[in-house]
Amino acid sequence: SACSSKLAFSQVHPMWQEPLAIPGGDRQSPIDIVVRKSVFDPQLRPLKVQYDPRTCQQIWNNGYSFLVEYDDTTDKSTVKGGPLEDQFRLCQFHFHWGENNAWGSEHSIDRRLFPAELHLVHWNSDKYSLFEEAVIEENGLAVIAVFLKIGKRHEGLQKLVDALPAVRHKDSLVEFTKFDPACLLPENIDDYWTYAGSLTTPPLTEAVTWIVMKRHIEVSHDQLAVFRSLLFTSAEEQVQRSMVNNFRVQQAVKGRTVRSSFT
Ligand code: SG4
Ligand code: ZN
């Protein structure tokens, strides 16, 4: 409900505080998507994702989330279509989640938060040759967001969950191969919202075309509990801190239009 979302925002303490949250531009993320203000755009095409599980390489705890990283030296795992004019290459996916099931997602739909949110990060390989170049360009990145709800155990996710204890601490890394990220997409990827935004962590560059899936996926409470057993801290640190509430505070929409691919 709207009330519990507001409560969630005032009670949780994001990792890095907003004064650090430069650039204060006009297209920052994440945002609340107000369904009745979103505009159906019949020009929006279906999204074409093509992922090759052989490009999956490793899992890395970077002290803010865990990243499942893909080989992005060729166009083997890509997304195009939808709102995108170019082809974008998958480089990694990661999640944001809460300390409990009442919050955790970065985006919300009509103020409704979800326990977690998946981000599949892609960069424009038609226009740029490296992620580092794309990340500073306004059409540089495309991130697909998928909400996670608590329900049935997710079979595809379990292979990843089983590997997570190996990256419990910050800066730990484990080989992780042959994981098909398509298994984490909802059944219908043709229904989505899209808007122009930014990265949700520093450098917060306004480079991202966000594609937020209308349908969620279900994971079990136990699977999310394994996410919450990870640590923000490295093995050397005296006081260990659980990796939870790793989302950014929501940002002003500032006159942007959120378009939908569906009515
Ligand atoms: C997470 O913190 C990832 O760990 C970061 O990955 C990622 O940064 C950051 O989120 C922002 O991405 O889709 N939420 S987001 O806007 O992808 C980048 C790394 O630090 C640059 C590699
Ligand atoms: Zn993210």
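The structure displayed is predicted, hence computed values, not measured ones. (Residues numbered from 1 in each chain as written. Chains lettered and ligands numbered in written order. Predicted model: local features only at pLDDT ≥ 70, side-chain atom pairs only at ≥ 80, totals over all residues. Heavy atoms only, no water.)

Observations regarding the packing of helix 3 (residues 155-163) against helix 4 (residues 221-228)
The condition is simple: As a rule, the C-alpha atoms of each element are fitted with a line to give its axis, helices using only the stretch in contact, and angles between N-to-C directions run from 0 to 180 degrees. Think of it this way: any DSSP run of H or I at least four residues long counts as a helix, any run of E at least two long counts as a strand, and we number them from the N terminus. Roughly parallel means an angle under 35 degrees; roughly antiparallel, over 145; roughly perpendicular, 65 to 115; everything else is oblique. In this scheme the handedness of a crossing depends on how the near helix is turned from the far one: anticlockwise by less than a right angle means left-handed, clockwise means right-handed. Here, residues are in contact when the closest pair of their heavy atoms is within 4.5 Å.
Where helix 3 meets helix 4, the axes come as close as 10 Å, and the angle between the chain directions of the two elements is 30 degrees. Judged on the interaxial angle alone, helix 4 and helix 3 are roughly parallel. Crossing hand, helix 3 versus helix 4: left-handed. Residues Leu157, Gln158 and Val161 of helix 3 lie in contact with helix 4, whose contacting residues are Gln223, Val226 and Phe227.

Re the pairing of strand 10 (residues 141-150)
Counted only if it meets this: Only protein chains enter the accessibility calculation, which uses a 1.4 Å probe; a residue whose area is less than 20% of its type maximum is buried, one above 50% is exposed, and one in between is partly exposed. Only strands joined by at least two bridges in the DSSP assignment are considered to pair.
Within strand 10, 8 of the 10 residues are buried, which leaves it mostly tucked inside the rest of the structure. Two strands pair when backbone bridges link them, and strand 9 (residues 116-124) and strand 10 are joined in this way by 8 bridges, in the antiparallel orientation. Its bridge partner lying in strand 10, Trp123 is registered against Leu141. Across 5 bridges, strand 10 lies against strand 13 (residues 208-213) in parallel orientation. Paired with Leu141 across the strands is Val208, a residue of strand 13.

Topic: the site of ligand 1
Heads up, the condition is: When at least one non-hydrogen atom of a residue lies within 4 Å of a molecule or strand, that residue is treated as near it. Pairs of N or O atoms are called polar contacts if they sit within 3.5 Å, as long as, within protein, a hydrogen donor faces a hydrogen acceptor (for residues adjacent in sequence, only side-chain-to-side-chain pairs). Calculation of accessible area relied on Shrake-Rupley with a 1.4 Å probe; when residues are assessed, cover is drawn exclusively from the protein chains displayed.
Surveying the vicinity of ligand 1 reveals 15 residues, the closest of which are Asn62, Tyr64, Leu67, Gln92 and Thr200. One of the side-chain nitrogen or oxygen atoms of His94 is found 3.3 Å away from an oxygen atom of ligand 1. Between a nitrogen atom of ligand 1 and a side-chain N or O atom of His119, the distance comes to 3.2 Å. Coverage of ligand 1 by the protein amounts to 86% of the 490 Å² it exposes when considered alone. Of the residues forming the shell around ligand 1, the biggest block, 3 residues, is contributed by strand 7 (residues 88-97).

Observations regarding the pattern of salt bridges
Inclusion rule: Salt bridges are defined as contacts in which a side-chain nitrogen from Lys or Arg sits within 4 Å of a carboxyl oxygen from Asp or Glu.
Under the counting rule described, the total for this entry stands at 6 salt bridges. In this structure, Arg54 engages Asp52 in a salt bridge whose closest nitrogen and oxygen atoms are separated by 2.9 Å. Using a relative accessible area of 69% as the deciding quantity, one classes Arg54 as exposed. Residue classification places Asp52 among the buried positions, given a relative accessible area of 11%.

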